[in-house]
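Spelled out from the first residue to the last, the chains are:
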Amino acid sequence: MTGMTQTGQRAGRITAAGAGIVAAAVALGVAELCAAFVRPQAAPLIAVGGAGIDRTPEWLKSWAIRTFGESDKAVLLGGLVAGVAVLAALLGLLGRTRPRWAAAGFAAFGAVGAAAALTRPDAGPADAVPVVLGACAATGALLLMLRPPRPVLAGSQRRAFLIFTGVAAGTGVLGRVLNARRDVAAARDAIRLPPPADPAKPLPAGADLRVKGLTTFTTPNKDFYRVDTALTLPQVDPSDWTLRVHGLVDRPFEITFDELLRRPLTERDITLTCVSNEVGGPYAGHARWLGVDLADLLREAGVRAGADQIFSRSADGMTISTPLSAVLDGRDALLAVGMNGEPLPVRHGFPARMVVPGLYGYVSATKWVVDLKVSRFATDRAYWTRRRWAEQAPIKTMARIDVPRAFGEVKAGRVPIAGVAWAQHRGIDAVEVRVDGGPWRRARLAPVPSSDTWRQWFLEWDATAGSHRVEARAIDGTGAVQTERRADPIPDGASGWHSVVITVT
Ligand SMILES: Nc1nc2c(c(=O)[nH]1)N[C@H]1C(S)=C(S)[C@@H](COP(=O)(O)O)O[C@H]1N2
Ligand SMILES: [Mo]
């Protein structure tokens, strides 16, 4: 280290670490741009993130959903970027003395990314190209930036930094713009949904009790919960979309979106619930769906004896298994194209998805659906059921307290207690509330259009000063009382009574 000052060394290290990070940014930018010509799922963060999601153990996935809620994807991507930055900085440092090792490091990055891209659903050999080109560009960039003279940012080196920062930003932005052009928002805006041949009954007056803080009966699309494994939203153009119906059927067929819209459409009020919802959790929402009768479609294909599941597949490669008996038992199972008076939002499955009243979403609500295979549970195993989740998953009876908020403070006197309760397809017959373990009192129930929706409930309570525990439980349409037994979401849905502790002043 002759002649090198301490500060010179430190500057050298910072420069090298920075070069590593800029090189990684070049990799991501070049790959993003390249992915625009292959497919968006081949971009490295999306491919690696997606592969990571599919390989994450269930307990960790549940924890992430519980902890980060709907920001889980943003947190994952942020974590990936941070991880890449740290590793890239280390490779930059290594590159000061061992440029070949640093190059090998970027090659290893590339190999991991390529493996991820190649194993994504529906991937072809071309999916590896963005990652590989990105890794090559990063290696070249790093070696050029670390060319001597090293410790001090000499003119040529500074220029290399600027150039590669520009390359990273330019390719990244251009790639994003080109990828965004696959956006189907315009195609969605152009769709005019025909009116239903079989319209939903108008919502009964009073379905919304209009209590402050109480969940609205209908969930606006923009507020509707979203749960899926898609890191980038599948952009499915309705003019390219077809649905294939096949498997254990006499007459397999394929139907286009236009043909679908020419069929008689049914409109129904149905409340969706996610199996990952904890007791008291937010992953339930209500919408008015418009779609084709799913049982009709299957009957047209002629379901053969021995079939017990619908194995559906989405444009992003998700597979979901639905008990066939539920779809064929006369309930309003839909292949939905509309949600609350508009075409399905892209995040909720545009152009078509399944909706089956009474079943948790992971066994019934395939978004961006493109393929329905009538089959047997014994032959085809779907994404979630391969991961320890139950095959049969009727929605469990649940009462949720929305008002007062947990750990909230209210003034002594008449206090409204209100919430929603659901037991889709069995219906809600009663909701009972008790305070501090006292006697159960029946809440007033709002009217509902059918047993396939949640139901608002309300009770007035004479609150006295102090800390109180409020508990609620529902009784479903079969007379069964919601179980007090606590269960985790996995394997077939959380159970137990929702309770909140509040302070009365
Ligand atoms: N293609 C696809 N469809 C999917 C999923 C998914 O991950 N991918 N998740 C399912 C789950 S677990 C639920 S709860 C519902 C949620 O529907 P929403 O996001 O419209 O509320 O979609 C279902 N359909
Ligand atoms: Mo779900």
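Note that the structure is a prediction, hence the values are computed from the model and not measured.

1. Comments concerning the overall build of the protein chain
Next up, step 1: When you go through the protein chain residue by residue, the secondary structure sums to eleven helices and 19 strands.
Next up, step 2: Along the longest, intermediate and shortest principal axes, the C-alpha atoms of the protein chain span 85 × 65 × 40 Å.
Next up, step 3: For the protein chain, the proportion of its 505 residues judged to be buried stands at 52%.
Next up, step 4: Across the protein chain, contacts joining residues at least 24 apart in sequence account for 75% of those joining residues at least 6 apart.
Next up, step 5: Averaged over its 59 positive side-chain charges, the protein chain has a centre that lies 9 Å from the centre of its 46 negative ones.

2. Focus on the domain arrangement of the protein chain
Many authors give the size of an interface as the accessible area that is lost as the parts come together.
Next up, step 1: According to the domain assignment, the protein chain consists of domain 1 (2-180), domain 2 (221-387) and domain 3 (398-504).
Next up, step 2: Between domain 1 and domain 3, the C-alpha centre-to-centre distance is 49 Å.

3. Some details on unusual backbone geometry
Next up, step 1: Cis geometry is adopted by the peptide bond preceding Pro 351, which originates at Phe 350 and carries an omega value of 5 degrees.
Next up, step 2: Within the element layout of this structure, Pro 351 appears in the loop between strand 8 (342-343) and strand 9 (353-355).
Next up, step 3: In this structure, the amide linkage connecting Val 403 to the following residue, Pro 404, adopts the cis form with an omega of -5 degrees.
Next up, step 4: Residues other than glycine seldom take positive phi values, yet Trp 368 does so here, at roughly 50 degrees.
Next up, step 5: Following the sequence through the fold, Trp 368 ends up in the loop between strand 9 and strand 10 (369-375).
Next up, step 6: Here Trp 368 falls in the buried class, since its relative accessible area comes to 2%.
Next up, step 7: In this structure, Phe 407 is a non-glycine residue whose phi angle is positive, near 60 degrees.

4. Examining the side chain of His 286
Next up, step 1: With respect to the secondary-structure elements, His 286 resides in strand 4 (residues 284-293).
Next up, step 2: In this structure the side chain of His 286 is engaged in a polar contact, spanning 2.7 Å, whose partner is the side chain of Asp 269.
Next up, step 3: If we skip the residues at most four places from it in the chain, His 286 touches Phe 217, Thr 218, Thr 219, Phe 224, Asp 269, Ile 270, Thr 271, Asn 340, Thr 453 and Trp 454.

Criteria and thresholds
- Per chain, the residues get numbers from 1 upward, laid out in the order the sequence is written.
- For this description, chains carry letters from A and ligands carry numbers from 1, given in the order in which they are written.
- Only residues with pLDDT of 70 or above have their local features reported here, since the model is predicted, and side-chain atom pairs are shown and tallied only from 80 upward, although totals for entire chains, interfaces and linings are computed over all residues.
- Calculated side-chain values reflect all of the structure's heavy atoms, with hydrogen atoms and water omitted.
- Here a helix means four or more residues in a row that DSSP labels H or I, a strand means two or more in a row labelled E, and each is numbered from the N terminus.
- When accessible area is computed with a 1.4 Å probe and restricted to protein chains, residues below 20% of their type maximum are described as buried, those above 50% as exposed, and intermediate ones as partly exposed.
- Every residue pair with non-hydrogen atoms within 4.5 Å of one another is taken to be in contact.
- This count recognises Lys and Arg as positive and Asp and Glu as negative, with His and chain-terminal groups excluded.
- By convention, charge coordinates are those of NZ in Lys, CZ in Arg, CG in Asp, or CD in Glu.
- These domain boundaries are the output of an automatic or database domain assignment.
- Think of a polar contact as two N or O atoms within 3.5 Å of one another; within protein, one of them needs to be a possible hydrogen donor and the other a possible acceptor, and neighboring residues in sequence only count if both atoms come from side chains.

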